[in-house]
Amino acid sequence: MQQALVLEKKGVLSLREIDLPTQVRPGDVKIEIDTVGVCGSDVHYYTHGAIGPYVLREPMVLGHEAAGTVVQVGADVKGLKVGDRVCMEPGVPNLSSRASKLGLYNVDPDVRFWATPPIHGVLTPYVVHPAAFTYRLPDNVSFAEGAMVEPFAIGMQAATRARIQPGDVGAVIGAGPIGIMVALAALAGGCARVFISDLSADKLKIAGQYPGIIPVDVTERPFAEVIAEKTGGWGADVVFEASGSSRAFKGMFDLVRPGGAFVLVGLPVEPVEFDVAGAISKEVRIETVFRYANIFDRALELIASGKVDLKPLITGTFGFRDSIKAFERAAAGHASDVKLQIKVKE
Ligand SMILES: [Zn+2]
C-alpha cells in the first residue's frame with residue numbers, strides 16, 4: 001500500500017493508501033516520483049468522470065506528467081541506473097502490436113496510458129515503469145521541466161505532423177497550455193513566426209512573452225483577418241487547431257494558404273462540422289495528432305539546448321499534501337494558470 005491521489009468517482013478526490021503494482025520485471029525500473037503536472041485530462045476526469053469512451057468505473061490514481069529518480073532497475077535494463085533523474089512516457093504499447101511495428105505505437109489499441117481508466121496514474125511516491133519508456137534528464141533539466149516534457153511532446157508531435165519547412169508562418173488556434181506548447185514546438189521546428197489566437201487576454205499575454213509568438217485577441221478582430229493582413233492575403237503555411245472548440249471550425253480554412261497544412265490537436269467534445277469544399281479548393285493537407293510517438297528524446301534535446309524554455313509556463317506548485325487543492329484550483333480554470341504542478345517528493 002502507498003499514499004496516492006485517488007479519484008474515487010466523479011468530483012471526489014482523496015489522498016489515501018491504495019494497492020499499486022510494485023513488482024519490478026526484468027525490463028522495468030522503479031522510480032521515486034518527484035514532480036507531477038496537473039493535466040487538463042486529469043481535471044476532466046475529476047469534473048466529468050469520463051473522456052469520450054474512457055469512463056471512470058472504479059477508483060483511479062491521477063497524474064501522468066511525471067519526473068523522478070530511478071531507485072531500482074530490472075535485470076535486463078541497460079542505459080539506466082539507480083540515481084538517474086528521469087521523466088516517463090505515460091503510454092505503454094504492446095511492442096509486438098502491428099501499430100508498434102509501424103512506429104505508430106501511440107495508436108496501438110492496446111496502449112496502457114497512466115490515469116486513463118482503468119490504468120492508475122502516478123500521483124504517488126513510487127511507480128514501476130518499462131525502462132524503454134523512461135528517459136534520462138540532461139543535467140541542466142530540472143524535475144519540474146522533466147514533468148513538462150509530456151505536454152510539450154504533444155506540441156512536438158503536432159509540429160512533426162505539420163512537416164514544417166524553415167521559414168514557414170504558423171498559426172495556432174487557442175492559447176491554452178497545449179496551444180502554447182504547439183506554438184513553441186512550431187518555432188523550434190522552423191517556423192519564422194507563429195500567430196496564436198484566444199479570447200483570453202491573460203492567456204495571450206503568457207503566450208506573447210516568447211519572441212516569435214504573436215498573440216491575436218479574437219474579441220477584437222477575427223483571426224483570419226489578421227493572418228491575411230500579415231501574410232499579404234496568402235495565409236499561414238501551417239495552422240494548428242488547439243482549442244477543441246467547435247467555433248474554431250467555422251471558417252478554419254480561411255487561415256491556411258493554398259496547399260498548406262491544417263493540424264487537428266484539440267479534441268472537441270461533440271462531433272463538429274467543417275467545410276470540406278473550403279479544404280478541397282485549397283488542397284489543404286489535414287493531419288491529426290493523438291498523443292505522440294518517438295518524441296521524448298527530441299523534446300529533451302530541445303529543452304537542454306535552451307532553444308525551448310518551458311519554465312515560464314509553470315505557474316504554480318503545490319505540495320503532495322495539497323494535491324486536492326491543486327485540482328480544485330485547476331478545475332476553477334484561472335486564465336492566468338498555465339501549468340500547475342505537484343511536488344510529490346517533500
Ligand atoms: Zn497531459
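Quick caveat: nothing in here was measured; it's all calculated off a predicted structure.

Digging into the overall build of the protein
- A count of helices and strands for the protein gives 10 helices and 20 strands.
- What you see for the protein is a C-alpha radius of gyration of 20 Å, in line with the 20 Å of a compact globule of 346 residues.
- For the protein, buried positions account for 53% of its 346 residues.
- When contacts within the protein are restricted to residue pairs at least 6 apart in sequence, those whose partners lie at least 24 apart make up 71%.
- Charged side chains in the protein number 35 positive and 39 negative. The centres of these two groups are separated by 2 Å.

Overview of the nonpolar core
- Membership of the largest hydrophobic core comes to 58 residues, with the highest contact counts inside it found for Phe152, Ile196, Phe240, Leu310 and Leu313.
- Broken down by secondary-structure element, the contributors of at least two residues to this core are helix H4 (149–162), helix H5 (177–188), strand E14 (193–198), helix H6 (201–208), strand E16 (236–241), strand E17 (256–264) and helix H9 (296–305).
- Leu7, Val36, Leu62 and Phe318 belong to the second-largest nonpolar core, a separate cluster that totals 39 residues.

Quick notes on the sheet that holds strand E6 (residues 60–61)
- Within the open sheet, the 3 strands sit side by side as E2-E1-E6. Their pairing is antiparallel. The sheet is open, and its two edges are formed by strand E2 (12–18) and E6, each paired on a single side.
- By the bridge criterion, 2 bridges tie strand E1 (residues 2–9) to E6 in an arrangement that is antiparallel. Each bridged residue has a counterpart across the sheet, and for Val6 the counterpart in E6 is Val61.
- The sheet contacts of helix H10 (residues 323–332) involve E1 and E2, and relative to E2 the element is tilted by about 155°.

A closer look at H6
- The complete set of buried residues in H6 reads Leu204, Ile206 and Ala207. In an axial view of H6, the angular spread of the buried residues amounts to 160°, which keeps them on one side of the axis. Turned more than 90 degrees away from the buried face of H6 sit Ala201 and Lys205, all of them exposed.
- Considering only its buried residues, H6 is in contact with H5, E14 and strand E15 (213–217).

Describing a nonpolar patch on the surface
- Together, Tyr54, Leu102, Leu104, Val107 and Phe290 make up a nonpolar patch on the protein surface, roughly 450 Å² of accessible area in all.
- Tracing the chain through its elements places Phe290 in the loop between strand E18 (285–288) and H9.

Observations concerning the coordination of the zinc ion
- In this structure, Cys39 (SG), His64 (NE2), Glu65 (OE) and Glu150 (OE) serve as the protein donors to the zinc ion, at separations of 2.2 to 2.7 Å.
- Because the angles between the 4 donor atoms bound to the zinc ion fall within 85 to 172°, the donor set is best described as irregular.
- Look at where the donors of the zinc ion fall in the sequence and you get C-x24-H-E-x84-E. You can see Glu65 sitting in strand E7 (residues 65–73) and its partner Glu150 sitting in helix H4, a full 85 residues away along the chain. This pair shows no difference in class: Glu65 is buried, exactly as Glu150 is.

Remarks on the pairing of E1
- In this structure, E1 lies alongside E2, joined through 7 bridges in antiparallel fashion. Its bridge partner being in E2, Ala4 is matched across the sheet by Arg16.

Thoughts on the packing of aromatic side chains
- If you walk through the whole model with that rule in mind, you get 6 aromatic pairs.
- Between the aromatic rings of Tyr135 and Phe296, the centroid separation amounts to 5.2 Å while the plane-to-plane angle is 40°, which identifies the pairing as tilted. Taken together, the residues Tyr135 in strand E12 (residues 134–136) and Phe296 in helix H9 connect sequence positions 161 residues apart.
- In this structure Tyr135 comes out as buried when scored by relative accessible area, which is 11%.
- Relative accessible area serves as the criterion here: at 1%, Phe296 is assigned to the buried category.
- Here Tyr292 and Phe296 contribute two aromatic rings whose centre-to-centre distance is 5.5 Å and whose plane-to-plane angle is 50°, an arrangement assigned as tilted.
- Three or more aromatic residues joined by ring pairs form one cluster here, namely Tyr135, Tyr292 and Phe296.
- Over the face of the ring belonging to Phe143 we find Arg85, whose NZ or CZ atom lies 4.8 Å from the ring centre.
- The ring of Phe113 carries the charged tip of Arg291 above its face, separated from the ring centre by 3.7 Å.

Examining unusual backbone geometry
- The omega angle of the peptide bond from Pro117 to Pro118 is 5°, so this bond is cis rather than trans.
- Locating Pro118 in the fold gives a position in the loop between strand E10 (112–113) and strand E11 (126–130).
- Residues other than glycine seldom take positive phi values, yet Glu283 does so here, at roughly 45°.
- Within the fold, Glu283 resides in the loop between helix H8 (276–281) and E18.
- Given the relative accessible area of 67%, Glu283 is considered exposed.

Criteria and thresholds
- Residues numbered from 1 in each chain as written.
- Predicted model: local features only at pLDDT ≥ 70, side-chain atom pairs only at ≥ 80, totals over all residues.
- Heavy atoms only, no water.
- Helix = DSSP H or I, 4+ residues; strand = E, 2+ residues; numbered from the N terminus.
- Rg over C-alpha atoms; globule rule 2.2 N^0.38 Å.
- Buried < 20%, exposed > 50% of the residue type's maximum accessible area, 1.4 Å probe, protein only.
- Contact = heavy atoms within 4.5 Å.
- Lys, Arg positive; Asp, Glu negative; His and termini not counted.
- Charge placed at Lys NZ, Arg CZ, Asp CG, Glu CD.
- Core = buried A, V, L, I, M, F, W, Y, C linked by side-chain atoms within 4.5 Å.
- Pairing = 2+ DSSP bridges.
- Axes fitted to C-alpha atoms, helices over the stretch in contact; angles between N-to-C directions.
- Arc of directions from axis to C-beta.
- Patch = residues over 30% accessible without salt bridge, like charges linked within 9 Å, V, L, I, M, F, W, Y side chains within 5 Å.
- Areas by Shrake-Rupley, 256 points an atom, 1.4 Å probe, with all protein chains shown as cover.
- Salt bridge = Lys/Arg side-chain N within 4 Å of Asp/Glu carboxyl O.
- Donors = N, O, S within 2.8 Å, 3.2 Å for Na, K, Ca; no water.
- Tetrahedral: all angles 85-135°; square planar, octahedral: opposite > 155°, others 65-115°.
- Phe/Tyr/Trp six-rings, centres within 6.5 Å; stacked < 30°, edge-to-face > 60°.
- Lys NZ or Arg CZ within 6 Å of the ring centre and 35° of its normal.

The values are spatial; any link to function lies outside them.
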